[in-house]
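Below are the chains, spelled out letter by letter.
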Amino acid sequence: MSDLQLQGDGEPMETSTYVALSQATALRNELDVTTNTIANANTAGFKGERVAFESYLQREGIGTERRETAFLTDSGSYLDTRQGAVSDTGNPLDVALQGEGWFAYRTTDGQTAYGRDGRFNIDQQGNLVTLNGAQVLDVGGAPIALPPDVGAAVSISRDGTISSPANGPMAKLGVVTLPDLQAYERIGGGLLVPPQGVPTQAPIPDTATELVQGAIEGSNVQPVVEMTRLMSIQKAYDRAVQLMSSEDDLRRDMLRRIGRPT
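**Student:** What is the right way to read the packing of aromatic side chains from this model?
**Tutor:** Two numbers describe a pair of aromatic rings. These are the distance of the centres and the angle of the planes. Under the criterion given, the structure shown has three aromatic pairs. Here the aromatic rings of F103 and F120 are separated by 5.3 Å at their centres, their planes lie at 75 degrees, and the arrangement is edge-to-face. With F103 in strand β5 (residues 102–106) and F120 in strand β7 (residues 120–122), the pair connects residues that are 17 residues apart, well separated along the chain. There is no split in this pair, since F103 and F120 are both buried. Judged by centre distance (6.1 Å) and plane angle (70 degrees), the ring pair of Y114 and Y184 falls under edge-to-face. In this pair, Y114 sits in strand β6 (residues 112–115) while Y184 sits in the loop between β13 (175–177) and β14 (185–188), placing the two residues 70 residues apart along the sequence. The buried category is assigned to Y114, whose relative accessible area is 9%. An aromatic cluster is defined as three or more aromatic residues linked by ring pairs; in this entry it consists of F103, Y105 and F120.

Right, here's the structure in full:
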């Protein structure tokens, strides 16, 4: 965020330091978020994340002596929900989402999580699972179990119905809309879980999103754009830290001069 400007010219050193500190703290958070986004550029179904900033205006003094100082704060992050590119894989157990829906999973530690990674396998118990071992849930929220030998004969329709010539319809993939999506928390691997201690609306069955068998959705992260953003954030962060260091040097020099015997 190289266009962010520090405010507080002509004010006491303490105020200038606090302004620089507020910017450095907010930018540090954005550095962490952007770094994580870049690290997941190749994670299937991953959605990028952005930090939202706010300006806190502090007014001091009265009349003609009144002055205003703007502090920078981050008000949290939000998901970039744009569709990722869909690419064919030819694997009948790969499924891509086209729309705003989310798959539902039961993670290995028992949490119900949501994501868009449709690279599925069938484990030894016949459960449909992700590459990380999370169980894929059906429209009723239960794990999906398939015959272990179903293999390449499996067919997955646009509405998520799983069938095979020998068994007919066997299950239906659960796809949901998350009304309070921006409140959800990341737990890694592109998975989201409801926030603890914060009331949210329950997921709603999604009938508008289409499923594409034999394909996966890539992340919606643009690495070149994110790297450019990262360098801009780093430069702004370095300037804020440099200003704080300069203020500290001035303060030490002032104290040294005051303590010098006359």
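**Student:** I tried to follow the pairing of β14 on my own but got confused; where do I start?
**Tutor:** Within a regular beta strand, the side chains point alternately toward one face of the sheet and then the other, so they alternate between its two faces. With three bridges joining them, β14 and strand β15 (residues 191–193) adopt antiparallel strand pairing. Directly across from E185, in β15, lies its bridge partner V193. The turn linking β14 back onto β15 is made up of two residues, and G189 within it adopts a positive phi angle of 65 degrees.

**Student:** Got a minute to help me understand the environment of G189 in this structure?
**Tutor:** Within the fold, G189 resides in the loop between β14 and β15. Relative accessible area serves as the criterion here: at 39%, G189 is assigned to the partly exposed category.

**Student:** What's the story with the pattern of salt bridges in this structure? I'm lost.
**Tutor:** As a working rule, side chains carrying opposite charge can pair if their charged atoms are close by. This model, assessed by the stated rule, comprises ten salt bridges. Salt-bridge contacts for R28 lead to D32; the nearest nitrogen and oxygen are separated by 3.8 Å. Taken as a pair, R28 and D32 lie in helix α1 (residues 13–39) at a separation of four residues, close to a single helical turn. Assessed through its relative accessible area of 42%, D32 is described here as partly exposed. The residue D117 makes a salt bridge to R119 at a minimum N-O spacing of 2.8 Å. For R119, a relative accessible area of 26% puts it in the partly exposed group. One continuous salt-bridge network, built from bridges that share partners, spans K47, R116 and E217.

**Student:** How should I be thinking about the layout of surface pockets in this particular structure?
**Tutor:** Left-over empty space is what a probe sized like a water molecule reveals as it rolls over the atoms. The calculated volume of the largest pocket comes to roughly 310 Å³. Lining of the largest pocket is provided by 19 residues; of these, V139, G174, V175, P205 and D206 occupy positions nearest its centre. Tallied by class, residues from the lining of the largest pocket come to ten nonpolar, four polar and five charged.

**Student:** Which parts of the structure should I look at to understand the side chain of T34?
**Tutor:** Within the element layout of this structure, T34 appears in helix α1. The exposure class of T34 is buried, given its relative accessible area of 3%. Those residues in contact with T34, other than ones at most four positions away along the chain, are E226, R229, L230 and I233.

**Student:** Looking at this model, I keep getting lost on the pairing of β5. Mind explaining?
**Tutor:** Burial of β5 is extensive: four of the five residues sit out of reach of the surface. In this sheet, β13 lies alongside β5 in antiparallel orientation, the contact comprising two bridges. Across the sheet, residue F103 finds its bridge partner in β13, namely V175. Both β5 and β6 contribute to a ladder of four bridges, which runs antiparallel. Looking at the pairing, F103 lines up with G115 of β6. Between β5 and β6, which pair antiparallel one after the other, the connecting turn spans five residues, and G110 there sits at a positive phi close to 90 degrees. Bridge count between β5 and strand β9 (residues 135–136): two bridges; the pairing is antiparallel. Considered in β9, the bridge of Y105 is made with V136.

Reading the values: the criteria
- Residues numbered from 1 in each chain as written.
- Predicted model: local features only at pLDDT ≥ 70, side-chain atom pairs only at ≥ 80, totals over all residues.
- Heavy atoms only, no water.
- Phe/Tyr/Trp six-rings, centres within 6.5 Å; stacked < 30°, edge-to-face > 60°.
- Helix = DSSP H or I, 4+ residues; strand = E, 2+ residues; numbered from the N terminus.
- Buried < 20%, exposed > 50% of the residue type's maximum accessible area, 1.4 Å probe, protein only.
- Pairing = 2+ DSSP bridges.
- Salt bridge = Lys/Arg side-chain N within 4 Å of Asp/Glu carboxyl O.
- 1 Å grid on protein atoms, 1.4 Å probe; cavity = no way out; pocket = protein on both sides within 12 Å on 5 of 7 lines; lining within 4 Å.
- Points joined across faces, edges and corners; volume = space filled by probe spheres on them.
- Nonpolar A, V, L, I, M, F, W, Y, C, P; charged D, E, K, R; others polar.
- Contact = heavy atoms within 4.5 Å.

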